[in-house]
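This is what each chain is made of:
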Amino acid sequence: MNQGYKKYIPFNPVKLPDRKWPNVVVKKAPIWCSVDLRDGNQALIDPMNLEEKLMFFKMLIEVGFKEIEVGFPSASETEYEILRTLIDRNLIPDDVTIQVLVQAREHLIRKTFEAIKGAKNVIVHFYNSTSTLQRKVVFKKDMDGIIDIAVQGARLIKQLTDEIAGDDINIRYEYSPESFSGTEMDNAVEICARVMEELGATKENKIILNLPSTVQLSTPNCFADQVEYFCRNLPNREAAIISVHPHNDRGTGIADAELAMMAGAERVEGTLFGNGERTGNVDIVALGLNLYTQGVDPELDFSDINHLKEIYENCTKMKIPERQPYVGELVFTAFSGSHQDAINKGVQYMHDTDSPYWEVPYLPIDPSDVGRQYEPIIRINSQSGKGGAAFIMQQNFGYNLPKAMHPEFGRVVKAEADRLGTELTAQNIFDLFSREFIYKRDPFTLKKHKIEEAGVNGNSVTRFDGSVFNGKEEVPIYGEGNGPIDAFFNALHHIGVENYQFVSYHEHAIGKGSHAKAVAYIELKAPDGKNYFGVGIHDNINIASIKGVISAINRAIDAMKK
Ligand code: KIV
Ligand code: ZN
């Protein structure tokens, strides 16, 4: 890159050697403010139309946001109309505060106050840019000039509030020193303190001071130092709610917000899935679910994340990437065999121990908590391990394959994935299992059966009396033994099916109530010295076992032919 890096000026961190934030653990959700309809919307190629904004607004309410920045009503007629529609159609619940953004400029502030008439709870959010760079190249003003803009704005806002004091409207204030992270901290403190004074902020009537990393300029620890420095040095600190508004230029918007909360931020502004200018605003879904997976109630409801994704994608025409935390199509999918195995063991462990905690490796969150299914957790392709397919059978279809069967089933699945050259769906796996292990009907099928238990000299004997089809004809068979499987084995000897040894037997019920059936997994050692599994299903466990024996023999015969 031809030494182009030399033209960049490194970030100059604030000095805070006795920083406290690294030892803080966040145990409570911040106040959330969605800026989807303003910062998110202004960054869209096609900004949302009225209908889309209303739909999005409704979704934000359902998620549980109590503060929603609905737009910049003085910026355009469309923005103005949208705000009026929300107010005139009575679409804002009483416990929700709408927020409107305005630059600290007289005519825009006046227009904003017109736009909010009739609303119940409003945050008037005004801002001006304070950064060293913007002062130098955009405003060509010194800090006093910048402070003056903010103070004049605050004065007018206070005056307009007093004028409508009799109306049934509750107005709160928010001030943003835009580009806070590029501002000298003492200047940021001073301008905010002056605004607070002008607005008469008190402990009872707090102002929101919103500290944006309008453009990310540093590592998140430097941003956290700035927030802690600001909180420690702000006069009348208790009269302010400290809010942050991270963007994501360096890809660390979430870290900025999380570390800023440790450093004293009580409120976070961001968007669902991180839409917003350039690389976006901080992603509130990820922030909330990060808290959730630390055992902290996020106070937002993401239990149907696919629904949020659908509305988001429809309204913004943006596409959520496959690997986006918590929501991407692939985030609950394990491709690696060892991961699949560990997930399988984690789920089994939770089942066996009744653990009240989520203790599944490779899955930091229970997919069902966000309305995602277990079904797509594991994708089976030729790289998948032996446990993955068994896991699908257990999770999706209720079949608990014995451990010893996993490698054999895994080989069958891998061969199929290789043959098809694609990954297998859960249904593919189930069909393969049925075809290979349950309905393996060549050459033998059970035709008739009668099983009786009789007592002989004080011992019980089981008799099998029935017939099998051997590929050519139906032949009667009869045998006795110490149980149904033994009796059936002995019956098969009479038609020349010999040299199979019984190795293991597992069974469980499948389905519920009157629809329940028995599933039997039979493992036999075949004349070639190898072990083969067969599976039988029937209302009667004895018949299920016999069907499992036949299936195992058929599989062995098939394998020995190859
Ligand atoms: O990113 C930013 O600084 C903003 C302000 C207007 C709050 O969006
Ligand atoms: Zn922003």
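Residues numbered from 1 in each chain as written. Chains lettered and ligands numbered in written order. Predicted model: local features only at pLDDT ≥ 70, side-chain atom pairs only at ≥ 80, totals over all residues. Heavy atoms only, no water.

Novice: Would you explain the overall build of the protein chain in this entry?
Specialist: For the protein chain, the count of helices and strands is 17 helices and 14 strands. Compactness check: the protein chain gives a C-alpha radius of gyration of 34 Å against a globular reference of 24 Å for 562 residues, more than 25% above the reference. The principal-axis extents of the C-alpha atoms in the protein chain amount to approximately 105 × 55 × 45 Å. Of all intrachain contacts in the protein chain linking residues separated by at least 6 positions in sequence, the fraction that spans at least 24 positions is 66%. If you sum the accessible surface of the protein chain, you get close to 26,600 Å²; carbon and sulfur atoms cover 50% of it. With 61 positive and 77 negative side-chain charges, the protein chain shows a separation of 4 Å between the mean positions of the two kinds. (Helix = DSSP H or I, 4+ residues; strand = E, 2+ residues; numbered from the N terminus. Rg over C-alpha atoms; globule rule 2.2 N^0.38 Å. Contact = heavy atoms within 4.5 Å. Areas by Shrake-Rupley, 256 points an atom, 1.4 Å probe, with all protein chains shown as cover. Lys, Arg positive; Asp, Glu negative; His and termini not counted. Charge placed at Lys NZ, Arg CZ, Asp CG, Glu CD.)

Novice: In this structure, what is going on with the packing of aromatic side chains? I would like to understand it.
Specialist: The relative placement of two aromatic rings is captured by the distance of their centres and the angle of their planes. With the rule as written, the count across this model stands at 12 aromatic pairs. Here the aromatic rings of Phe 72 and Tyr 127 are separated by 6.5 Å at their centres, their planes lie at 80°, and the arrangement is edge-to-face. Linking Phe 72 in the loop between strand E2 (67–71) and helix H3 (77–88) with Tyr 127 in strand E4 (residues 121–129), this pair joins segments that are 55 residues apart in sequence. Judged by relative accessible area, Phe 72 falls into the buried class, the value being 13%. (Phe/Tyr/Trp six-rings, centres within 6.5 Å; stacked < 30°, edge-to-face > 60°. Buried < 20%, exposed > 50% of the residue type's maximum accessible area, 1.4 Å probe, protein only.)

Novice: Can you help me understand the pattern of salt bridges in this one?
Specialist: Pairing between side chains becomes possible if they bear opposite charge and their charged atoms approach one another. The tally for this structure, following the rule as stated, stands at 36 salt bridges. With its nearest N and O atoms 2.2 Å apart, the salt bridge here joins Glu 408 to Arg 555. On the criterion of sequence distance, the pair formed by Glu 408 in helix H14 (residues 406–420) and Arg 555 in helix H17 (residues 541–561) is long-range, its members being 147 residues apart. A relative accessible area of 9% places Arg 555 in the buried class. Close ionic contact of Asp 558 with Lys 440 constitutes a salt bridge, the shortest N to O distance being 2.9 Å. Of this pair, Asp 558 sits in helix H17 while Lys 440 is found in the loop between helix H15 (426–438) and strand E9 (445–456), placing the two residues 118 residues apart along the sequence. Assessed through its relative accessible area of 16%, Lys 440 is described here as buried. Each of Glu 408, Glu 436, Lys 440, Arg 555, Asp 558 and Lys 562 takes part in one network of salt bridges that share partners. (Salt bridge = Lys/Arg side-chain N within 4 Å of Asp/Glu carboxyl O.)

Novice: Teacher, can you tell me more about unusual backbone geometry here?
Specialist: Where the residue is not glycine, phi is negative for most of them; where a peptide bond is considered, it is trans in most cases. Residue Pro 443 is bonded to the preceding Asp 442 through a cis peptide linkage, with omega at 5°. Inspection of the secondary structure assignment puts Pro 443 in the loop between H15 and E9. Notably, Asp 354 is not glycine yet its phi reads approximately 55°, a positive angle. Mapped onto the elements, Asp 354 comes out in the loop between helix H12 (337–353) and helix H13 (386–397).

Novice: Can you walk me through the site of ligand 1 in this structure?
Specialist: Taken together, the neighbourhood of ligand 1 is formed by Arg 38, Asp 39, Leu 101, His 125, Ser 176, Glu 178, Asn 210, Pro 212, Thr 214, His 245 and His 247. Within the side chain of His 245, one N or O atom sits 3.1 Å away from an oxygen atom of ligand 1. Between His 247 and ligand 1, the recorded distance is 2.9 Å, taken from a side-chain N or O atom to an oxygen atom. In isolation ligand 1 exposes 260 Å². Once the protein is present, 94% of that is buried. Mapped onto the shell around ligand 1, the elements with two or more residues apiece are helix H1 (36–42), strand E5 (170–178) and strand E6 (207–213). Of the residues assigned to the shell around ligand 1, the class counts are two nonpolar, six polar and three charged. (Near = heavy atom within 4 Å. Polar contact = N/O pair within 3.5 Å; in protein donor to acceptor, adjacent residues only side chain to side chain. Nonpolar A, V, L, I, M, F, W, Y, C, P; charged D, E, K, R; others polar.)

Novice: Help me out: how do you make sense of the sheet that holds strand E14 (residues 531–538) in this one?
Specialist: Through backbone hydrogen bonds, the strands of a sheet pair up, either in parallel or in antiparallel fashion. In spatial order, the strands read E12-E13-E14; together these three strands make up an open sheet with antiparallel pairing. On the outer flanks of this sheet lie strand E12 (501–510) and E14, each paired with one strand and no other. Here the average twist between neighbouring strands, direction ignored, is 15°. Pairing of strand E13 (residues 517–525) with E14 involves eight bridges; the strand directions are antiparallel. Of the residues in E14, the one forming a bridge with Val 519 is Ile 537. Strands E13 and E14 of the sheet are contacted by H15, whose axis makes an angle of about 105° with E14. (Pairing = 2+ DSSP bridges. Axes fitted to C-alpha atoms, helices over the stretch in contact; angles between N-to-C directions.)

Novice: Looking at this structure, how should I read H14?
Specialist: Side chains that are three or four residues apart share a direction in an α-helix, a result of its 3.6 residues per turn. With 15 residues, H14 should reach 21 Å at 1.5 Å per residue; the first-to-last C-alpha distance of 21 Å fits that figure. Turning to H14, its buried residues number three or more, namely His 406, Glu 408, Phe 409, Gly 410, Val 412, Val 413, Glu 416 and Ala 417. Of the surrounding secondary structure, the elements contacted by the buried residues of H14 are H12, H13, H15, E14 and H17. Positive backbone phi, approximately 70°, marks Gly 421, located one or two places after H14. (Expected span 1.5 Å × (residues − 1).)

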